[in-house]
Amino acid sequence: MGLKRYSVFAIVREAMSYHQGWERAWPWPKPKRKYDVVIVGAGGHGLATAYYLGKNFGITNVAIIEKGWLGGGNTGRNTTIIRSNYLQDPSAAIYEKARSLYETMSQDLNYNVMFSPRGLLMLGQTEHEVRGYKRTVYANNLQGVETRWIEPDEVKKLVPIINIAGPRYPVLGALYQARGGTARHDAVAWGYARACSAMGMDVIQQCEVTGVRSEGGRVKGIDTTKGAIDCDKLGLVVAGNSSVLAEMAGFRLPIESLALQALVSEPIKPCMDVVVMANTVHGYMSQSDKGEMVIGGGTDGFNNYTQRGSFHHIEETVRSLIETFPMLSRLKMLRQWGGIVDMTGDRSPILSKTPVEGVFVNCGWGTGGFKAIPGSGWAMAELMARGHSPLTEEFSMYRFREGKFIDESVAAGVAH
Amino acid sequence: MLTLECPYCGVKAEETELTAGGEAHLKRYGPGSSDEDFESYLFVRKNPKGVHFERWRHAYGCGKWFLAARCTATLEVFGTYPAQSKEPPAELQAKIRAKRPNWEGYR
Ligand SMILES: Cc1cc2nc3c(=O)[nH]c(=O)nc-3n(C[C@H](O)[C@H](O)[C@H](O)COP(=O)(O)OP(=O)(O)OC[C@H]3O[C@@H](n4cnc5c(N)ncnc54)[C@H](O)[C@@H]3O)c2cc1C
Ligand SMILES: [Zn+2]
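Residues numbered from 1 in each chain as written. Chains lettered and ligands numbered in written order. Predicted model: local features only at pLDDT ≥ 70, side-chain atom pairs only at ≥ 80, totals over all residues. Heavy atoms only, no water.

S.K.: Explain the overall build of chain A to me, please; I cannot follow it from the model alone.
M.R.: Scanning chain A for helices and strands turns up 12 helices and 18 strands. Taking 2.2 N^0.38 as the reference for a compact globule, 416 residues should give roughly 22 Å; the C-alpha atoms of chain A span a radius of gyration of 21 Å, in line with that estimate. With the C-alpha coordinates of chain A rotated into their principal frame, the extents come out at 65 × 65 × 40 Å. For chain A, the proportion of its 416 residues judged to be buried stands at 59%. Within chain A, counting contacts between residues at least 6 apart in sequence, those at least 24 apart form 75% of the total. Split by element, the accessible area of chain A, about 16800 Å² in all, is 53% carbon and sulfur. (Helix = DSSP H or I, 4+ residues; strand = E, 2+ residues; numbered from the N terminus. Rg over C-alpha atoms; globule rule 2.2 N^0.38 Å. Buried < 20%, exposed > 50% of the residue type's maximum accessible area, 1.4 Å probe, protein only. Contact = heavy atoms within 4.5 Å. Areas by Shrake-Rupley, 256 points an atom, 1.4 Å probe, with all protein chains shown as cover.)

S.K.: Even after reading the chapter, I still don't get the pairing of strand β14 (residues 283–287) of chain A, so can you show me in this structure?
M.R.: When a strand is regular, its side chains alternate between the sheet's two faces. Residues and elements named next belong to chain A. The buried fraction of β14 amounts to 5 of the 5 residues, a majority that puts the element mostly inside the structure. Of the two faces of β14, the one lined by G283, M285 and Q287 and the one lined by Y284 and S286 are each fully buried. Across 3 bridges, the pairing between strand β13 (residues 275–278) and β14 is antiparallel. Of the residues in β14, the one forming a bridge with A278 is G283. Taking the residues that link successive antiparallel strands as the turn, the β13-β14 hairpin has 4 residues, and the phi of H282 there is positive, at about 55°. Sheet analysis places β14 next to strand β15 (residues 293–303), joined by 4 bridges and oriented antiparallel. Looking at β15, one finds that Y284 is bridged to G296. A loop of 5 residues connects β14 with β15, the two strands running antiparallel in sequence, and G291 in this loop sits at a positive phi of about 105°. (Pairing = 2+ DSSP bridges.)

S.K.: Looking at this structure, how should I read the site of ligand 1?
M.R.: Residues and elements named next belong to chain A. Ligand 1 sits among 37 residues. The nearest are E66, N74, T75, T79 and K371. Between an oxygen atom of ligand 1 and a main-chain N or O atom of T80, the distance comes to 3.4 Å. A distance of 3.1 Å is found between a nitrogen atom of ligand 1 and a backbone nitrogen or oxygen belonging to T367. Contact with the protein chains removes 97% of the 1000 Å² of surface that ligand 1 exposes when unbound. Those elements giving two or more residues to the shell around ligand 1 turn out to be α2 (44–57), β12 (256–265) and β16 (333–343). Per-element accounting of the shell around ligand 1 gives the leading share, 3 residues, to β12. Residue classes in the shell around ligand 1 are distributed as 14 nonpolar, 18 polar and 5 charged. (Near = heavy atom within 4 Å. Polar contact = N/O pair within 3.5 Å; in protein donor to acceptor, adjacent residues only side chain to side chain. Nonpolar A, V, L, I, M, F, W, Y, C, P; charged D, E, K, R; others polar.)

S.K.: Mind showing me how you'd approach the sheet that holds β13(A) here?
M.R.: Two strands in a sheet stick together by hydrogen bonds in their backbones, pointing the same way (parallel) or opposite ways (antiparallel). Residues and elements named next belong to chain A. With mixed pairing, the 8 strands of this open sheet are ordered in space as β5-β6-β4-β13-β14-β15-β12-β16. Of all the strands in the sheet, the pair left with one neighbour each is β5 (148–150) and β16. Each strand of the sheet is rotated relative to its neighbour by a mean of 25°, with strand direction disregarded. Against the sheet, helix α5 (residues 127–143) touches β4 (120–123), β5 and β6 (174–177), its axis set at about 145° to β5. (Axes fitted to C-alpha atoms, helices over the stretch in contact; angles between N-to-C directions.)

S.K.: Honestly, the interface of chain A and chain B in this entry has me stumped. Any pointers?
M.R.: Many descriptions give the size of an interface as the accessible area lost when the pieces come together. In this assembly, 24 residues from chain A lie in contact with 24 residues from chain B. Buried area between chain A and chain B, summed over both chains or domains, comes out near 2100 Å², and the portion from carbon and sulfur atoms is 56%. Among the residues of chain A in contact with chain B, R252(A), F302(A) and R401(A) are the three that bury the most area, contributing 31% of the side total. At the boundary of chain A and chain B, one finds 2 salt bridges. R401(A) is the partner of E39(B) in a salt bridge, and the nearest nitrogen-oxygen pair spans 2.8 Å. The interface formed by chain A and chain B holds 13 residue pairs in polar contact (both at pLDDT 80 or more) in total. (Buried area = accessible area lost by both parts, 1.4 Å probe. Salt bridge = Lys/Arg side-chain N within 4 Å of Asp/Glu carboxyl O.)

S.K.: Would you mind going over the side chain of T392(A) with me for this structure?
M.R.: Locating T392(A) in the fold gives a position in the loop between α10 (373–386) and α11 (399–402). Setting aside residues no more than four positions away along its own chain, T392(A) makes contact with L351(A), A379(A), M380(A) and L383(A).

S.K.: Please explain the side chain of H313(A) as it appears in this structure.
M.R.: Residues and elements named next belong to chain A. Relative to the assigned elements, H313 resides in helix α9 (residues 311–324). Given a relative accessible area of 15%, H313 falls into the buried group. A distance of 3.2 Å separates a polar atom in the side chain of H313 from the backbone oxygen of T299. Those residues in contact with H313, other than ones at most four positions away along the chain, are Q261, G298, T299, D300 and G301.

The structure is reproduced here in C-alpha cells:
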C-alpha cells in the first residue's frame, strides 16, 4: 500500500492544486477469508498491537476488526493524560516504555499526534497523600522514571490559577513528572491505522464480531457481521466489551465495565500549561489547544454498557475542583460524554494468554490506558508473536488466582 | 438518573441515596476451598451486557442491602428484591424472560 508521506513539502505541493489532491488517509478494505492474526477492536491498543506485530516481527497478514469507527471507543473519549509515575515495578516498566515511545511517535508514524510533554502534577492535598506520593517518587527514582516532589510555592509558580490555601483541601505539594503531558487521542488511532494500512494490514470498520470459533481448545476464527473470518491467532482488545468477547470465546474475566465521564468548558485564553490531577477530590484538568478546560472525574459505581454516565458525578467533579481552582466557577461547561472502562480488582491491566489456545487478551486498562497505548502494543505484539514478553509477564489474567496483584489502586487514587 | 425501589422501606430511592455493591448471587467460598473457587468468588465476574443481578445498599435510607435486576445495555430496571433471596424470585425471572426472550438465565 503506497501511501504518500506527509511533510511540509506535501502541504506546499498540495497547496498548488488547491488541496484537491490529498488521497484517503487509509483504505476501506473488505475482509479476506483468512488472516494469520486477527485483532478485535480498533482502539489505540488494538491498532498499536497490530502495528508492532508488523514493525517488530514482520507479521503483516493481519486484520483489525472494529464494530464502530476508528478510535470511537475509549481512545476517542479520554482526557489524554500521559504519565508513567506508577508505584509498582511492572507498571513503571510498561508505562514508561509507552511514555518514551510517545516522545517519537509523530516521527515514527509520520502522523502528528501532538504529543505535548508539558509537565504533570499530582497534588498532595492530605498528609496521607503526601506520604503516598513521596513513596512513589522514591520508587520512581529506583525504576529510572524521572519524577520529583515539589513544594507548594513551586506548584503555585507552575499553576498560577491554583488556590493552595484550602481551607478544606490545601495543596501541600505535588508529585511532578516534567515529561508527562497529553497527546491528540484521535490522531493516535488514525496514525496507527494509517501505518498499519501502509504495511498491508486490513483495518475493517463497521464490522461487529459476534462469535469466536474454536476446535479442541484452539482458536479457528471469528464470526462477524461481514461474514466468517479464519485466523491462527486472535487478540481481543476491546476494553469495556472484554467480558462480552471472553464469553464468546468461552471464558470469564476478572473485569467489570463501568461508565467514566469527562467534560469540557467553553474555550478561554491560555491559563494553565500543565496537567493537574487532584485525586483527593477526584478531579483532573488540562487545557486543550482550543482553550477548553478538559476535566475528568471518577467512575460511576454500577455496571454499565451505555456510554452514558450519571449527571450527579459531573456535578460532584466540578464542585470539588472549584475550591482548588476558583476560576472554574465562572466557566460554562459545554459538553460531557462517557466511555465504558474495564476495571480489574487491582487496577492494573491484563495482557495474557487465555484458556483458549491462540486467543490473547489485552484489557483492564480501565480509567488510565491512553498513556499506555504504544507500550501495550509493543508488549502485546511480542506476547502474540513469541508466546511471552518481559513486559507482560506480571500482567497475566491468572495473577488473581495466585494472589500476585499489581496493586495500583492506592497509589493511583483516580488512575488516569 | 437511576431509581431503585428499596424492598424494605418501599422508598423509590435515586442513585445518590444508594451504594452499588456489584454482582449478586455469588457463591461465597470459605477456608479449604480451591484457588479457582476463591478466584471466582473474589474476582471473576459475569459482567454481562444485558440482564444483570446486583447488590445495592440503601445507604442514606434504611441502610440495608437489597438485590436488583437491571439491564446494563439500556439501564432498564426489572425489579428489586430482598438480599436474603437464594435466587431471583420466579415472577421476576418470568418478567425478564418476557422482555428478553434470548436471555440465557441468571447464572
Ligand atoms: C472519560 C474517560 C477519560 C479517560 N482519561 C484517560 C486519561 O486521561 N489518560 C489515560 O491514560 N487514559 C484515560 N482513559 C482510559 C483510556 O481511554 C482507555 O484505557 C484506552 O483508550 C483503552 O483503549 P483500547 O484500545 O483498549 O479501547 P477502546 O478505545 O475502547 O477500543 C476498543 C474498541 O473495540 C471495539 N469493539 C468492542 N466490541 C467489539 C466487537 N464485538 N466487535 C468489533 N469491535 C468491537 C469498540 O468499538 C472500540 O472501538 C479515559 C477513559 C475515559 C472513558
Ligand atoms: Zn430502604
